[in-house]
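Topology and contacts: notes
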Amino acid sequence: MIGDIAAPTVFLLSDAASYVTGSVLFVDGGWTAIDGRFTPPEALARAIPRVTGREAQLVASPGTYDQKHFARHACIEHCVAYGPGVLEQAHQPDEWCAVDDMVAAAKIVALAILDLMVQPA
């Protein structure tokens, strides 16, 4: 709700916050403090087997992505690159992606977002 973020916003815009720099202020009722549940990597890892029937495989990218910028400039530590296609084909002249892979990736991202938005019981 708008009211939930009004006080932190007023604080951050005030002189009282003049020494607050490079910080992430979570205004989420404590959701992000619950056992790491609310990070994109964990949400994706839970969603992938629901759609594909296979466990998620976490791999280090052989290329470069924008995560470093999210971490350095936005202080967002839990950032992932996820999407359809074959990693070895990424950014190649003949890169292609099957429509079924794009549909599955969209479903996985939707489930992960839902997981991140729903408060645990």
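Structural data are supplied above this passage.
Residues numbered from 1 in each chain as written. Predicted model: local features only at pLDDT ≥ 70, side-chain atom pairs only at ≥ 80, totals over all residues. Heavy atoms only, no water.

Things to note about the overall build of the protein chain
Looking only at helices and strands, one finds 4 helices and 0 strands in the protein chain. Listing the helices and strands of the protein chain from first to last along the sequence gives α-α-α-α. The burial tally for the protein chain puts 12% of its 121 residues in the buried class. Across the protein chain, contacts joining residues at least 24 apart in sequence account for 57% of those joining residues at least 6 apart. Of the roughly 9400 Å² of accessible surface on the protein chain, a fraction of 61% belongs to carbon and sulfur atoms. (Helix = DSSP H or I, 4+ residues; strand = E, 2+ residues; numbered from the N terminus. Buried < 20%, exposed > 50% of the residue type's maximum accessible area, 1.4 Å probe, protein only. Contact = heavy atoms within 4.5 Å. Areas by Shrake-Rupley, 256 points an atom, 1.4 Å probe, with all protein chains shown as cover.)

Comments concerning the pattern of salt bridges
Per the counting criterion, the structure on display carries 1 salt bridge. Asp115 is the partner of Arg46 in a salt bridge, and the nearest nitrogen-oxygen pair spans 2.6 Å. Taken together, the residues span a long stretch of sequence, with Arg46 in helix H2 (residues 40-52) and Asp115 in helix H4 (residues 99-117) at a distance of 69 residues. The class for Arg46 is partly exposed, based on a relative accessible area of 34%. (Salt bridge = Lys/Arg side-chain N within 4 Å of Asp/Glu carboxyl O.)

Points about the nonpolar core
Nonpolar side chains in soluble globular proteins tend to end up buried together. Grouped together as the largest cluster of nonpolar side chains are 6 residues: Ala43, Leu44, Ala47, Ile48, Ile108 and Ala112. Breaking this core down by element, the ones donating at least two residues are H2 and H4. Of the residues forming this core, the biggest block, 4 residues, is contributed by H2. When neighbours within four sequence positions are excluded, Ala43 is seen to be in contact with Ala112, Asp115 and Leu116. (Core = buried A, V, L, I, M, F, W, Y, C linked by side-chain atoms within 4.5 Å.)

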